[in-house]
Amino acid sequence: MSADPAGDPGAVHFTRCDPEEPPATELLAAMRAELIDAYDNASRLDNPALLPAELRPPGGAYYVGFEGSEAVAGGGFRQLGDGVAEIKRMYVRPEARSRGLAAELLRTLEDAIAELGYEWARLDTGPKQPHAQRLYRAAGYIEIAPYNDNPFACFWGEKRLA
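It should be emphasised that the depicted structure is a prediction, and the values quoted were computed from it without experimental measurement.

Turning to the pattern of salt bridges, a few remarks are in order. All chains considered together, the criterion is met by twelve salt bridges. The partner of R56 in a salt bridge is E20, and the shortest N-O contact between them spans 2.6 Å. Here the residue R56 occupies a position in the loop between α1 (24-39) and β2 (61-67), and E20 occupies one in the loop between β1 (12-17) and α1, the gap between them amounting to 36 residues. Relative accessible area serves as the criterion here: at 44%, E20 is assigned to the partly exposed category. Close ionic contact of R78 with E54 constitutes a salt bridge, the shortest N to O distance being 3.0 Å. Here the residue R78 occupies a position in strand β3 (residues 70-81), and E54 occupies one in the loop between α1 and β2, the gap between them amounting to 24 residues.

All right, on to the confidence of the model for the protein then. On average, residues of the protein carry a pLDDT of 91, and 89% of them reach 70 or more. Counted against residues more than four places away or in other chains, residues 1-6, with its pLDDT under 50, gives 13 contacts.

Next up on the list: the pairing of β2. With six of its seven residues buried, β2 lies for the most part within the structure. With six bridges joining them, β1 and β2 adopt antiparallel strand pairing. Bridging from a neighbouring strand, V12 pairs with E67 of β2. As judged from the seven bridges shared by β2 and β3, these two strands associate in the antiparallel manner. Within β3, the residue paired with V64 across the bridge is G74.

Two successive antiparallel strands, β2 and β3, enclose a turn made up of two residues, where G68 displays a positive phi of approximately 65°. Where β3 lies against strand β4 (residues 84-92), seven bridges are found, and the strand directions are antiparallel. Across the sheet, the residue bridging to A73 is V92, located in β4. The antiparallel pairing of β3 with β4 creates a hairpin that spans two residues between the two strands, and G83 there sits at a positive phi of about 75°.

On to the sheet that holds strand β7 (residues 155-160). A sheet is described by the order of its strands in space; here seven strands give the open sequence β1-β2-β3-β4-β5-β7-β6, paired in mixed fashion. Two strands close off the open sheet at either side, each with one partner strand: β1 and β6 (142-143). Lying on the sheet, helix α2 (residues 101-115) is in contact with β1, β2, β3, β4, β5 (120-125) and β7; it crosses β4 at an angle near 155°. Packed on one face of the sheet, helix α3 (residues 130-138) meets β4, β5, β6 and β7 and runs near 160° to β5.

Among the structural elements, A61 can be located in strand β2. With a relative accessible area of 3%, A61 lands in the buried category. Filtering out sequence-adjacent residues up to four positions away, A61 remains in contact with R16, L55, R56, G75, G76 and F77.

So, about α3. Buried residues of α3: A132, Q133, L135 and Y136, and no others. Seen end-on, α3 carries its buried residues on one side only, within an arc spanning 160°. Opposite the buried face of α3, by more than 90 degrees, sit the exposed residues H131, R134 and A138. Remark: G140 follows α3 within two positions and exhibits a positive phi of approximately 100°.

Basis of the calculations
- Residues numbered from 1 in each chain as written.
- Predicted model: local features only at pLDDT ≥ 70, side-chain atom pairs only at ≥ 80, totals over all residues.
- Heavy atoms only, no water.
- Salt bridge = Lys/Arg side-chain N within 4 Å of Asp/Glu carboxyl O.
- Helix = DSSP H or I, 4+ residues; strand = E, 2+ residues; numbered from the N terminus.
- Buried < 20%, exposed > 50% of the residue type's maximum accessible area, 1.4 Å probe, protein only.
- pLDDT = per-residue confidence, 0-100.
- Contact = heavy atoms within 4.5 Å.
- Pairing = 2+ DSSP bridges.
- Axes fitted to C-alpha atoms, helices over the stretch in contact; angles between N-to-C directions.
- Arc of directions from axis to C-beta.

Below is the structure:
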């Protein structure tokens, strides 16, 4: 993978995008549909709540990974507290999985978080996403006590970026 859009045509480049505009909205909708299917409880899926404005500067951002002109991955972060950002809504389209895109997206988000001066990144994931938990542990996230009331989470992680 590469963050350079001028490189290999099969490479993925990441660009900050508005979370309320395509292609971000399409990726977020696909992620939501997949989670609703996995967790069978759409009414509580947005707990904890996340406003699109939280995924925008100055405290947050949303990035889309493009393979050529096709949006294949997306994820963002928001300010959680002083020096702490929370990674949210990471998603890779099914046809683009198993190629390391999630790890590349995670590194892109961590770099953007660090550039904004955050020292820590936090995240959570659910029991029906064991691949995500493996990714986060492999990237250095240490399990911590729950920091939110997400009813779907079984893993809360934290990583020092500074």
